[in-house]
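Structural characterization, general
The primary structure of each chain is shown beneath.
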Amino acid sequence: MSKLRLATLWLDGCSGCHMSLLDTDERLLELAAQMDIVYSPLVDTKQFPERVDVVCIEGAVSTEEDEARLRLVRQRSGLLIAMGDCAVTGNVPAMRNPLGAEAMLRAVYRESPVLAPQIPIEDLPRLHGHALPLHRFVPVDLFIPGCPPAADTLFAALAALIAGTADGLRLDTRFGA
Ligand code: SF4
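Right, let's walk through the structure included here. These numbers were taken from a predicted model, which means no experiment stands behind them.

Right, let's get into helix H3 (residues 64-76). Across its 13 residues, H3 extends 19 Å between first and last C-alpha, which sits within 8% of the 18 Å expected from 1.5 Å per residue. Listed as buried for H3 are Asp66, Glu67, Leu70, Val73 and Arg74. Within H3, the buried residues cover an arc of 130° as seen down the axis, which keeps them to one side. On its buried side, H3 packs onto strand S1 (4-10), strand S3 (52-58), strand S4 (61-63), strand S5 (77-83) and strand S6 (127-132).

Below is the structure:
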């Protein structure tokens, strides 16, 4: 049997969900025997590959770049997991939503006591007006809440996918969605 092709993606999150994945510790070796990590902040691949079986995504969608990456990843992945509360609900990044992006930038970069008040824009992705969870943009197959989700929960989910025991989930349903 060929190995499961797993990817992870980091959008607007603090990396805590990825740290929780690493907290599976030696059980990572069990997973590694049955899956290849083909794209992730944890590995050195530069381009998101075609035909990924499972992608776990941390973070909300906060910028135009986040949205473009999410849509590409959705097209190239069989099963998409929202990993952690930022991906599931918006969570911490969404705390700026009541204020709005422009007012938030003004408050942080112009109205706070800083040495040279200016709003950084050069080479930065344009902010969306609101930080939103993944399912507001693309179909999500599995939600794993928690801030971060417990390592045991992440391990159980991946182990179930590998074993083919995750109820109702097929790995090939969403290519091109
Ligand atoms: S859910 Fe919590 S741990 Fe995960 S990226 Fe968001 S703030 Fe960080």
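This part covers the pattern of salt bridges. For the coordinates displayed, the defined rule picks out eight salt bridges. Note that lysine 3 is salt-bridged to aspartate 36, the shortest N-O span being 3.6 Å. Here the residue lysine 3 occupies a position in the segment before S1, and aspartate 36 occupies one in strand S2 (residues 35-39), the gap between them amounting to 33 residues. The exposure class assigned to lysine 3 is partly exposed, which follows from its relative accessible area of 37%. For aspartate 36, a relative accessible area of 35% corresponds to the partly exposed category.

Along the chain, cysteine 147 connects to proline 148 via a cis peptide bond; the corresponding omega equals -5°. You can see proline 148 is positioned in the loop between strand S7 (142-144) and helix H6 (151-163). If you check the backbone angles, arginine 51 has positive phi at about 50° while not being a glycine. Mapped onto the secondary structure, arginine 51 falls in the loop between S2 and S3.

Conventions we followed
- Residues numbered from 1 in each chain as written.
- Predicted model: local features only at pLDDT ≥ 70, side-chain atom pairs only at ≥ 80, totals over all residues.
- Heavy atoms only, no water.
- Helix = DSSP H or I, 4+ residues; strand = E, 2+ residues; numbered from the N terminus.
- Expected span 1.5 Å × (residues − 1).
- Buried < 20%, exposed > 50% of the residue type's maximum accessible area, 1.4 Å probe, protein only.
- Arc of directions from axis to C-beta.
- Contact = heavy atoms within 4.5 Å.
- Salt bridge = Lys/Arg side-chain N within 4 Å of Asp/Glu carboxyl O.

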